Amino acid sequence: MEAASIGAHPAGSAPHEEHHHGPPEANRSSRVEPQLLGMLLFIISEVMVFGAFFTAYFFIRVVAGDPWPAPGEELPKIIAGVNTAILLSSSFTMHWALESAKSENRFGLQAGILTTLLLGATFLFIQINEYVHVGFAPQDNAQASVFYGLTGLHGAHVAVGLTLLSFTTIRAFRGHFTAAEHRGVEVPGIYWHFVDVMWIIVYLSIYIV
Amino acid sequence: MLNPLRSEAEAFRFLIYVLVTAVVIAVLVLLVRAVF
């Protein structure tokens, strides 16, 4: 990418750390690192996708006034509650991993990231098991469709997060991360906390309220 | 201002705030249902 302006910065440098003249470098934010910006925009778009599914939930429950859950159906609140605790724990271990990365604690980083991955996989396993035993199918009624839609959408996001965490775990065990350079832990960490926040809202809406 | 998309630390703090808020809402809803 050619620099179009006078005094433009070499590729990869952070513009805000040097004096620069003229307009900012093309296709680069002058404030946010590209990797962080990519995840930021992705999360914002995914929040909108969740918003669309929550709109369907809102129309069924509030606008149409359908009973929740549908008559004859029961939602496994306790199991989902345990699953919530598991996912919340995984956010704590993720935070531990990142703080360890920042302080060059290699054991903490590796243990934290591996535990996060395992807890996340456990969550997904329990979710799939719940689908097997819940007693209704997504095509049975509107409430079931929304239940599977919202929890399934979240499960898909967990799967994506587990993919990111797999890469991060492998890299952590290969010693790729340092206190100065740990973006590969930070960016998946932000995504993982987003997944956890969405689950809290999904759990509250679907199982509790 | 807290920006959960700026860093992992802020995202984690945001998660804690959301968790606390959710617990408060859940307790209130369950209390109201129990009373009425």
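Residues numbered from 1 in each chain as written. Chains lettered and ligands numbered in written order. Predicted model: local features only at pLDDT ≥ 70, side-chain atom pairs only at ≥ 80, totals over all residues.

Turning next to the interface of chain A and chain B. On the side of chain B, 13 residues touch chain A, which itself brings 17 residues to the contact. If one sorts the elements of the side of chain A that touches chain B by residue count, helix α5 (residues 183-208) of chain A sits on top with 10 residues. By residue class, the composition of the side of chain A that touches chain B is 11 nonpolar, 4 polar and 2 charged. (Contact = placed C-beta atoms within 7 Å. Helix = DSSP H or I, 4+ residues; strand = E, 2+ residues; numbered from the N terminus. Nonpolar A, V, L, I, M, F, W, Y, C, P; charged D, E, K, R; others polar.)

Okay, the packing of helix α1 (residues 34-63) of chain A against helix α4 (residues 142-173) of chain A next. All names here are of chain A. Remark: α1 packs on α4, axes separated minimally by 9 Å, with the N-to-C direction vectors making an angle of 165 degrees. Here α1 lies roughly antiparallel to α4, going by the angle between them. Pair α1 / α4 crosses with left-handed handedness. Within the contact between the two elements, α1 uses E46, F50, F53, A56, Y57 and I60 and α4 uses A142, Q143, V146, G149, L150, L153 and H157. Across the contact of α1 with α4, the residue classes break down as 9 nonpolar, 3 polar and 1 charged. (Axes fitted to C-alpha atoms, helices over the stretch in contact; angles between N-to-C directions. Parallel < 35°, antiparallel > 145°, perpendicular 65-115°, else oblique. Left-handed = near helix turned anticlockwise from the far one by under 90°.)

A few words on the domain arrangement of chain A. Assigned domains within chain A: domain 1 (1-31) and domain 2 (34-208). For domain 1 of chain A and domain 2 of chain A, the distance between their C-alpha centres works out to 36 Å. (Domains from an automatic or database assignment.)

Ranked by internal contacts, the top residues of the largest apolar core, which has 41 residues, are A97, I113, I190, Y191, F194 and V195 of chain A. Among the secondary structure elements, those contributing two or more residues to this core are α1, α2 (77-102), α3 (106-133), α4 and α5 of chain A together with α1 (8-35) of chain B. Top element by residues in this core is α5 of chain A. It accounts for 14 residues. (Core = buried A, V, L, I, M, F, W, Y, C linked by C-beta atoms within 7 Å. Buried ≥ 20, exposed ≤ 12 C-beta atoms within 10 Å, placed from the backbone.)

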